[in-house]
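Observations on the model geometry
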Amino acid sequence: MEGKDACAVTYFGDGTTSEGDFHAGLNFAAVMDAPVVFICRNNGWAISTPVAQQFRSDGIVSKGKGYGITSIRVDGNDAIAVYNAIRAAREMAIKKQAPILVEALTYRVSHHSTSDDSTKYRPTEEIEHWKTTRSPVARFRKWVEKKGWWSGEKESQLRRDLRRQVLEAIQEAEGMEKPSLSELFADVYDHLPPNLKEQERSLRDIVERHPKDYPADVPV
């Protein structure tokens, strides 16, 4: 609406496409010719639900086409392919002033969350295969090494530099004064709504009643 050379971007997983908000969002974007790039990371699992139990369509791209949206499918484990696909999608969204859907096919090698044990619903051999043989990091490393842009020596030096930077950042953070409890509630609204005021009062009351359970150096 402001005529800027830019577009909006939204990221989501394959599980999101089973929600009504996904379909409403695509329909609105298509009808309103909104310059939005929808990026779906299709890693095959919505927590413990495989895509085979989520939809019968050919992945996610067919859903975009159903709403009249130009849709692109890319190998999500190929860093160069993803870069080129997203770059092209951005250009199309801006020039055509229309939404674009990108489906990046990949695999979730880790658990969905700290409370999830993915070995309960998929074999460990499958996870290990994608973690090693199909690793996107390993693929990209081989490519840059073949180009002569990377080496084991450079990687070792980078790891040393990053470790030093992290340790310096930790030391600096530990030396800073801890923020007051009010900072937990003051980072979104200019004027706190009643529900957040109530939460802040409740928290302060708990800290006052149980001082031994909270750090003494945290400003109240």
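Residues numbered from 1 in each chain as written. Predicted model: local features only at pLDDT ≥ 70, side-chain atom pairs only at ≥ 80, totals over all residues. Heavy atoms only, no water.

By the naming in an unreviewed UniProt entry, the protein is Dehydrogenase E1 component domain-containing protein, taken from Cuscuta campestris.

Our next topic: the domain arrangement of the protein. Domain boundaries assigned for the protein yield domain 1 (8-112 + 119-134) and domain 2 (177-219). For domain 1 versus domain 2, the distance between C-alpha centres works out to 39 Å. (Domains from an automatic or database assignment.)

Attention shifts here to the layout of surface pockets. The volume enclosed by the largest pocket comes to roughly 240 Å³. Forming the walls of the largest pocket are Met1, Glu2, Gly3, Lys4, Ala6, Cys7, Met32, Asp33, Ala34, Pro35 and Gln97. Residue classes in the lining of the largest pocket are distributed as six nonpolar, two polar and three charged. In this model, the second largest pocket occupies a volume close to 160 Å³. Arg41, Asn43, Asn77, Thr106, Tyr107, Arg108, Val109, Trp130, Lys131, Arg134, Ser135 and Pro136 together form the lining of the second largest pocket. Residue classes in the lining of the second largest pocket are distributed as four nonpolar, four polar and four charged. (1 Å grid on protein atoms, 1.4 Å probe; cavity = no way out; pocket = protein on both sides within 12 Å on 5 of 7 lines; lining within 4 Å. Points joined across faces, edges and corners; volume = space filled by probe spheres on them. Nonpolar A, V, L, I, M, F, W, Y, C, P; charged D, E, K, R; others polar.)

The phi dihedral of Asp33 is positive, around 50°, even though this residue is not glycine. Here Asp33 lies in the loop between helix 1 (20-32) and strand 2 (36-42). Residue classification places Asp33 among the partly exposed positions, given a relative accessible area of 46%. Positive phi values are uncommon outside glycine, yet Ile47 reaches one of about 60°. Its place among the elements puts Ile47 in the loop between strand 3 (45-46) and strand 4 (49-50). (Helix = DSSP H or I, 4+ residues; strand = E, 2+ residues; numbered from the N terminus. Buried < 20%, exposed > 50% of the residue type's maximum accessible area, 1.4 Å probe, protein only.)

A word on the sheet that holds strand 5 (residues 70-75). Read from one edge to the other, the open sheet built from four strands follows the order 1-2-6-5, with strand pairing classed as parallel. Two strands bound the open sheet, and with one partner strand each, they are strand 1 (8-13) and strand 5. Here the strands of the sheet are splayed against their neighbours by 20° on average, with no regard to which way each runs. As paired elements, strand 2 and strand 6 (residues 100-105) share six bridges and run parallel to each other. Residue pairing in the sheet places Asn42 in a bridge with Leu105 of strand 6. (Pairing = 2+ DSSP bridges. Axes fitted to C-alpha atoms, helices over the stretch in contact; angles between N-to-C directions.)

Attention shifts here to the environment of Ser18. For Ser18, the location among the structural elements is in the loop between strand 1 and helix 1. The sequence separation of Ser18 and Pro193 amounts to 175 residues, and the corresponding C-alpha distance is 33 Å. A polar contact of 3.2 Å, which involves the side chain of Ser18, links it to the side chain of Gln54. (Polar contact = N/O pair within 3.5 Å; in protein donor to acceptor, adjacent residues only side chain to side chain.)

Further remarks concern the side chain of Asn77. Note that Asn77 resides in the loop between strand 5 and helix 3 (79-96). Beyond its immediate chain neighbours, meaning those up to four positions away, Asn77 contacts Leu105, Thr106, Tyr107, Trp130, Arg134, Pro136 and Arg139. (Contact = heavy atoms within 4.5 Å.)

In terms of burial, strand 2 is a largely internal element, six of the seven residues being buried. Running through helix 1, the crossover from strand 1 to the neighbouring parallel element strand 2 is right-handed. (Right-handed = clockwise from strand over helix to strand, strands pointing away.)

Take a nonpolar patch on the surface next. Together, Ile80, Phe140, Trp143 and Trp149 line one region of the surface with nonpolar side chains, adding up to about 380 Å² of accessible area. Looking at the element boundaries, Trp143 is found in helix 5 (residues 136-146). (Patch = residues over 30% accessible without salt bridge, like charges linked within 9 Å, V, L, I, M, F, W, Y side chains within 5 Å. Areas by Shrake-Rupley, 256 points an atom, 1.4 Å probe, with all protein chains shown as cover. Salt bridge = Lys/Arg side-chain N within 4 Å of Asp/Glu carboxyl O.)

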